[in-house]
Amino acid sequence: MAADSKILIVDDHADTLFALESALAPLHYELICVTNGDDALKQILRGDIGLVLLDVRMPGSGGLDVVRYMRRLEQTQYIPILLLTGFGMSRDLAAAAFMFGVADVILKPVDPWTLRTKVRYLYEAYVRTRALQQELDALRANGSTTPPRDHTSPDRQDPTPPRVPEQPKGTNRPNRVVHDGRQQ
């Protein structure tokens, strides 16, 4: 996955596509705009898509249909998706979206600053994750049994992660912080 992966924007309204494209222009990512779910799937299957902004309601294949199909395929199941809706957030939409692993559901009209922040974070995280996966795959292909060195802390000797405190026996709920700052 190269850092030049594209962001796919899918909406059946040309004015919404233009607004989203304009909002994301300052990020200087390569954008692809399509107007329906079928064309979105074609673009996704061609590869090099690092993020999808997807309208929920479109004629033909709607946004959730596209998400459902993407999550079934190994090569597309981890691409981050932001669903866009102009019809409000229903309980059913939220449940379906998060069940399929959608990163977020955004209400239209979209705030450009918020959109850029979410897009930049999700896109960069996906590109970094794919690059690390490719490095790991290359090491495995070369027969290397030594994990790559942690470049963030060159002097670190102990590769074990810090220990997480255990829950007290008899409880299966996480600690909660109540309003006065105490833990329950």
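An account of the accompanying structure is given in this report. All values reported here derive from a predicted model rather than from experimental measurement.

A short note on helix α2 (residues 37-46)
(1) Moving on: Listing the buried residues of α2 in full gives Gly37, Ala40, Leu41, Gln43 and Ile44. Around the axis of α2, the buried residues are gathered within 165° of arc, so they sit on the same side.
(2) Moving on: Its buried side turned inward, α2 meets β1 (6-10), β2 (31-34), β3 (49-55) and α3 (63-72).
(3) Moving on: You can read the cap of α2 off the contacts: a side-chain oxygen lies 3.1 Å from the backbone nitrogen of Asp38, and it is on Asn36.

Topic: the packing of α2 against α3
(1) Moving on: Relative to each other, α2 and α3 sit at 25°, their axes nearing to 10 Å. If you check the angle between α2 and α3, you find them roughly parallel. In the crossing of α2 with α3, the sense of the turn from one axis to the other is right-handed. Each of Gly37, Leu41, Ile44 and Leu45 in α2 lies in contact with α3, whose residues at this interface are Val66, Tyr69 and Met70.
(2) Moving on: When its residues are assigned to classes, the contact of α2 with α3 shows 6 nonpolar, 1 polar and no charged.

Brief notes about unusual backbone geometry
(1) Moving on: Cis geometry marks the peptide bond from Lys108 to Pro109; its omega dihedral reads 0°.
(2) Moving on: Following the sequence through the fold, Pro109 ends up in the loop between β5 (104-107) and α5 (112-141).
(3) Moving on: One non-glycine residue, His28, adopts positive backbone phi at about 60°.
(4) Moving on: When you line up the elements, His28 lands in the loop between α1 (14-24) and β2.
(5) Moving on: When its relative accessible area of 71% is taken as the criterion, His28 is described as exposed.
(6) Moving on: Positive phi, close to 60°, is recorded for Asp48, a residue that is not glycine.
(7) Moving on: Among the secondary structure elements, Asp48 is positioned in the loop between α2 and β3.

A closer look at the pattern of salt bridges
(1) Moving on: All chains considered together, the criterion is met by 5 salt bridges.
(2) Moving on: For the salt bridge of Lys42 with Asp39, the shortest nitrogen-to-oxygen distance reads 3.9 Å. On the criterion of helical spacing, the pair formed by Lys42 and Asp39 is a turn pair, its members being 3 residues apart in helix α2.
(3) Moving on: According to the relative accessible area criterion, Asp39 is partly exposed, its value standing at 29%.
(4) Moving on: Put simply, Asp11, Asp55 and Lys108 are held in one network by salt bridges that share partners.

The rules we used
- Residues numbered from 1 in each chain as written.
- Predicted model: local features only at pLDDT ≥ 70, side-chain atom pairs only at ≥ 80, totals over all residues.
- Heavy atoms only, no water.
- Buried < 20%, exposed > 50% of the residue type's maximum accessible area, 1.4 Å probe, protein only.
- Helix = DSSP H or I, 4+ residues; strand = E, 2+ residues; numbered from the N terminus.
- Arc of directions from axis to C-beta.
- Contact = heavy atoms within 4.5 Å.
- Polar contact = N/O pair within 3.5 Å; in protein donor to acceptor, adjacent residues only side chain to side chain.
- Axes fitted to C-alpha atoms, helices over the stretch in contact; angles between N-to-C directions.
- Parallel < 35°, antiparallel > 145°, perpendicular 65-115°, else oblique.
- Left-handed = near helix turned anticlockwise from the far one by under 90°.
- Nonpolar A, V, L, I, M, F, W, Y, C, P; charged D, E, K, R; others polar.
- Salt bridge = Lys/Arg side-chain N within 4 Å of Asp/Glu carboxyl O.

So, to be careful, I would describe these as geometric facts and stop short of saying anything about function.
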